[in-house]
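Take a look at the letters that make up each chain.
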Amino acid sequence: MSEVTIDSGVRIGHVHLKVADLERALGFYCGVLGFELTLRFGNSAAFISAGGYHHHIGLNTWESAGGTAPAPGTTGLYHLAILYPTQAALADALERLMKAGVPLDGAADHGVSEALYLRDPDGNGVELYWDRPREEWPRNADGELTMFTRPLDLQKLLASADEAAR
């Protein structure tokens, strides 16, 4: 491995997903999760974002119109992760999913974050999460990160939205 590390300012800029049906994908990402459509190329591609960015997610049917999800046990994207700025914002996402009847695959407290796991209409794994402040991240006596996976209390998460609204 290289002894030179990547610049600490590097971020993942966007993800581009192959989808079977552009309208169905937009219905999920914009209609349920609340992303905004920033640019569309007919029925073949669309770019969506949060907060006016050019795009966080690209959706296209160039090689996948009418296609099916990859079979289990094959390589490819495990999931895309969408970072919410606060616990209350993640709670809002959970409320949107519940209202739309989108089932969760799981929900976890990782110590550093709280996460919801689900599938988009094309079977792509999606993680919705918020990061706790760094000073709250679990560490051992040597200061090393000690992430874990524990069940996430969804009722407590939903209550955080109510507390934030007060």
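Rules used throughout
- Position labels on residues start from 1 in each chain and follow its written sequence.
- The model is predicted, so local features are restricted to residues of pLDDT at least 70 and side-chain atom pairs to those at 80 or more, both for listing and for counting; the totals for chains, interfaces and linings are taken over all residues.
- In computing side-chain values, all of the structure's heavy atoms are included and hydrogens and water are not.
- Secondary structure follows DSSP: runs of H or I at least 4 residues long count as helices, runs of E at least 2 residues long count as strands, and numbering of each begins at the N terminus.
- Polar contacts here mean pairs of N or O atoms no more than 3.5 Å apart (in protein, one a potential hydrogen donor and the other a potential acceptor; neighbouring residues in sequence count only if both atoms are side-chain atoms).
- It only takes one pair of heavy atoms within 4.5 Å for two residues to be counted as in contact.
- Within this document, salt bridges are pairs made up of a side-chain nitrogen of Lys or Arg and a carboxyl oxygen of Asp or Glu, the two lying within 4 Å of each other.
- Type-normalised accessible area, obtained with a 1.4 Å probe on protein chains alone, sets the label of each residue: buried when under 20%, exposed when over 50%, and partly exposed for intermediate values.
- The pairing test for Phe, Tyr and Trp rings, Trp by its six-membered ring, is centres within 6.5 Å, and the orientation test on the planes gives stacked under 30 degrees, edge-to-face over 60, and tilted for anything in between.
- We call a set of buried residues a nonpolar core when its members are Ala, Val, Leu, Ile, Met, Phe, Trp, Tyr or Cys and they connect through side-chain atoms within 4.5 Å of each other.
- At least two DSSP bridges between two strands are required for those strands to pair.

## What to know about the side chain of Ser160
- If you trace the backbone, Ser160 turns up in helix 3 (residues 154–165).
- For Ser160, the side chain forms a polar contact with the main-chain oxygen of Leu157, separated by 2.5 Å.
- Ignoring sequence-local partners within four residues, the contact set of Ser160 consists of Gln87, Ala88 and Ala91.

## Some words on the pattern of salt bridges
- Summed over all chains, the structure comprises 7 salt bridges.
- Across the salt bridge formed by Arg40 and Glu23, the nearest N and O atoms sit 2.2 Å from each other. Taken together, the residues Arg40 in strand 2 (residues 36–41) and Glu23 in helix 1 (residues 22–32) connect sequence positions 17 residues apart.
- In this structure Arg40 comes out as partly exposed when scored by relative accessible area, which is 30%.

## With respect to the packing of aromatic side chains
- On inspection of all chains with the given rule, the structure shows 2 aromatic pairs.
- A ring pair is formed by Phe28 and Tyr29, whose centres lie 4.8 Å apart and whose planes are at 85°; its orientation type is edge-to-face.
- Between the aromatic rings of Phe41 and Phe47, the centroid separation amounts to 6.0 Å while the plane-to-plane angle is 90°, which identifies the pairing as edge-to-face.
- For Phe41, a relative accessible area of 45% gives the class partly exposed.
- Judged by relative accessible area, Phe47 falls into the buried class, the value being 12%.

## Topic: the nonpolar core
- Ranked by size, the top nonpolar core spans 32 residues in total, and within it Tyr29, Leu33, Ile57, Leu59, Ile82, Leu97 and Leu128 carry the most contacts.
- Looking at this core, the elements that each hand over two or more residues are helix 1, strand 3 (45–49), strand 4 (57–60), strand 5 (80–84), helix 2 (87–100), strand 7 (113–119), strand 8 (125–131) and helix 3.
- Ranked by the residues each element gives to this core, the list is headed by helix 1, at 6 residues.
- Once residues within four sequence positions are removed from consideration, Ile57 is found in contact with His14, Val15, Leu17, Tyr29, Phe35, Ala46, Phe47, Ile48, Leu80 and Ile82.

## Looking at the sheet that holds strand 7
- Strand order in the open sheet formed by 5 strands is 5-8-7-6-9, and the pairing between neighbours is mixed. The strands lining the two open edges of the sheet, one partner per strand, are strand 5 and strand 9 (150–151).
- With 2 bridges joining them, strand 6 (residues 104–109) and strand 9 adopt antiparallel strand pairing. Bridge assignment links Asp109 to a residue of strand 9, and that residue is Arg150.

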